[in-house]
Amino acid sequence: MTKVVVVTSGKGGVGKTTSSAAIGTGLALRGHKTVIIDFDVGLRNLDLIMGCERRVVFDFVNVINGDATLSQALIKDKRVENLHVFPTSQTRDKDALTMSGVERVLDELRELKFDYIVCDSPAGIEHGAVAALYFADEAIVVTNPEVSSVRDSDRILGILASKSRRAQRGEEPVHEHLLLTRYSADRVERGEMLTVKDVNDILAIPLIGVIPESPAVLKASNMGVPVIHDQESLAGQAYSDAVARFLGEKRDMRFLAPPRKGLLHKLFGTNA
Amino acid sequence: MKENRISGAMVTVLVIRLAREPVADAVASLAEQIRTSPSFYRNAPALLEVTAASELRSAEDFRAAREAVQGLGLVAVGIQGGSPTQRQAALVAGLPSFPASARPAAGPAGQSEAAAASQRPRKAEPAAEPAAPVAGGLGNGTPSRLVTQNVRSGTQIYAEGGDLIVLASVSAGAEVIADGHVHIYGALRGRALAGARGDADARIFCRALEAELVSVAGQYLVREDIPEAVQGRAATVLIENDRLIIREQ
């Protein structure tokens, strides 16, 4: 059974694309046939994060419009078996995503026996975001530990519960998962950021991971290598944990407390 | 192709119980009552309960009664009760007969009063009156609305004509409204409005008051006006002596 997973947030800049790339890659690393689709028409970024921007010929909009076939547009990841990237158009706008077109593409991907279709949603709550979440079976809501991000995530959860296809058909609701990103244990300790408990109180959905703020994320983006490949970094390890929890495994939450600093760290700073 | 068809519907409607007195006197006493919440009554459809009003006999009488009611800003749409002769005359005057509501009239016959047929939430009835209907009870026809999940930011829920019961929390940026009481068995972080149609007896109950705004019957308090002492506490919001107050539970 193919599962459609939307990675969404409402707010921009919280790490949707980074998380889509990391989680999609993580699912493929665990042997699941996975495709990551960029729904952010006009602001194409997933191809950069996945490091396949030089191989884009056709895109999501071309396939929706029937100008290209799915197999022409899907890009096979060079690092991981079973992983495909489906880039979007940089020149069109969100209106190009017709619901019937998106449905047709998803159905074709189901026929190709993908296990997971990861939909990287654009920010906002307008058509593009709704198109990304409409067909979802699972939703990963990416939130930063600060109030505006939490409120926007709350809003998107309301939209999942009312505007998704499952909601409109009265089917079992979309499974919701919370992913807390850019978490800085130091700043939480100083009271500058919301705690995991604060966020949980408001959003009240199961937490699949806390990704610590880490320079490794920026480095990974710039290099076009999803951060989950960097298992030296805390962020990479945290994403691996999140993928495991998403798949139903039990793992203790890590990285919630600030790292203990040794003398050398105090003297030379840390790059973890 | 659209299909034209007739189907049944249950609606809430006002009932004006006319006493054995000249219609003009009845209208004067009703005007008094309507002044308390004019927006609630404006252009509201109403039935005339005429069992006690034996003066109303001819079609002419019923036309006059209809015009008098119109003068109050209400619209008479039919009658209830009365003798067969009264019903016939009313029909000629364009007022069809409606079956009596299942629940017996709360007020004693012979008293002029306006009360919605069976469904209307209690409206400041004198305490002495027995068995004033309580909104939200099952079986009395009051539509209360039950919400089992968090009310998310950007969502608005309105329980028309009854109570709203939320078993989870109401998020910041969400709005819950009821014509009756609002019960929240979680935290209230958004806005809650009880007695949306002017019922000053309506209350808001919540387990943790962190609201952006609370309002009963049009009186409201915003976050800034809510005392620090009750922030985050279980609380009831109600009108007492015409003032909106918050009482810790």
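Anything mentioned here points back to the structure above.
Here is a short report on the structure shown in this document. (Residues numbered from 1 in each chain as written. Chains lettered and ligands numbered in written order. Predicted model: local features only at pLDDT ≥ 70, side-chain atom pairs only at ≥ 80, totals over all residues. Heavy atoms only, no water.)

Our next topic: the sheet that holds strand 12 (residues 204–209) of chain B. Either a parallel or an antiparallel arrangement is found when strands of a sheet pair, and the pairing is made through backbone hydrogen bonds. Residue and element names in this part refer to chain B. The six strands are arranged 6-8-10-12-15-16 in an open sheet whose pairing can be described as mixed. Since the sheet does not close on itself, it has two edges, and those belong to strand 6 (145–147) and strand 16 (243–248), each with one partner. Across the sheet, the mean angle from the axis of one strand to that of its neighbour is 20°, orientation sign disregarded. Note that strand 12 and strand 15 (residues 235–240) share three bridges and pair antiparallel. Looking at the pairing, Cys206 lines up with Ala235 of strand 15. (Pairing = 2+ DSSP bridges. Helix = DSSP H or I, 4+ residues; strand = E, 2+ residues; numbered from the N terminus. Axes fitted to C-alpha atoms, helices over the stretch in contact; angles between N-to-C directions.)

Contacts between the two partners involve eleven residues from chain A and, on the opposite side, eight residues from chain B. Counting the surface lost from both chain A and chain B, the interface buries some 780 Å², and carbon and sulfur atoms represent 40% of this. Area buried by chain A at its contact with chain B is led by Arg151, Asp154 and Arg155 of chain A, which between them contribute 53% of it. The interface formed by chain A and chain B includes two salt bridges. We note a salt bridge from Arg151 of chain A to Glu212 of chain B, for which the minimum N-O separation is 3.4 Å. (Contact = heavy atoms within 4.5 Å. Buried area = accessible area lost by both parts, 1.4 Å probe. Salt bridge = Lys/Arg side-chain N within 4 Å of Asp/Glu carboxyl O.)

Here we take up the nonpolar core. A general feature of soluble globular proteins is that nonpolar side chains tend to end up buried together. Counting residues in hydrophobic clusters, the biggest one holds 52 residues, and the most contacted among them are Ile37, Phe39, Phe60, Phe86, Leu109 and Ile117 of chain A. Other than its neighbours up to four places away in sequence, Phe86 of chain A contacts Val35, Ile36, Ile37, Asp38, Asp59, Phe60, Val63, Leu70, Ala73, Leu74 and Val105 of chain A. (Core = buried A, V, L, I, M, F, W, Y, C linked by side-chain atoms within 4.5 Å. Buried < 20%, exposed > 50% of the residue type's maximum accessible area, 1.4 Å probe, protein only.)

The next subject is the pairing of strand 6 (residues 138–143) of chain A. Of all the six residues making up strand 6 of chain A, six are buried; the element is thus mostly covered by neighbouring parts of the structure. Going residue by residue along strand 6 of chain A, you find Glu138, Ile140 and Val142 of chain A tucked away on one face and Ala139, Val141 and Thr143 of chain A tucked away on the opposite face as well.

All right, on to the sheet that holds strand 7 (residues 156–159) of chain B then. Residue and element names in this part refer to chain B. The sheet built from five strands is open, its strands ordered 7-9-11-13-14 with mixed pairing. Looking at which strands have only one partner, the edges of the open sheet turn out to be strand 7 and strand 14 (219–222). Mean inter-strand twist for the sheet, computed between neighbouring axes without regard to direction, equals 5°. The sheet contact formed by strand 13 (residues 213–216) and strand 14 spans four bridges and is antiparallel. When the bridges of strand 14 are listed, Val214 appears paired with Leu221.

To continue, consider the pattern of salt bridges. Residue and element names in this part refer to chain A. For the structure on display, the rule yields 28 salt bridges over all chains. Note that Arg104 is salt-bridged to Glu108, the shortest N-O span being 3.7 Å. Separated by four residues within a single helix, Arg104 and Glu108 lie in helix 5 (residues 99–111), roughly one turn from each other. Taking relative accessible area as the criterion, Arg104 reaches 36% and is therefore assigned partly exposed. Relative accessible area serves as the criterion here: at 30%, Glu108 is assigned to the partly exposed category. Arg166 is paired through a salt bridge with Asp137; the nearest N and O atoms lie 2.9 Å apart.

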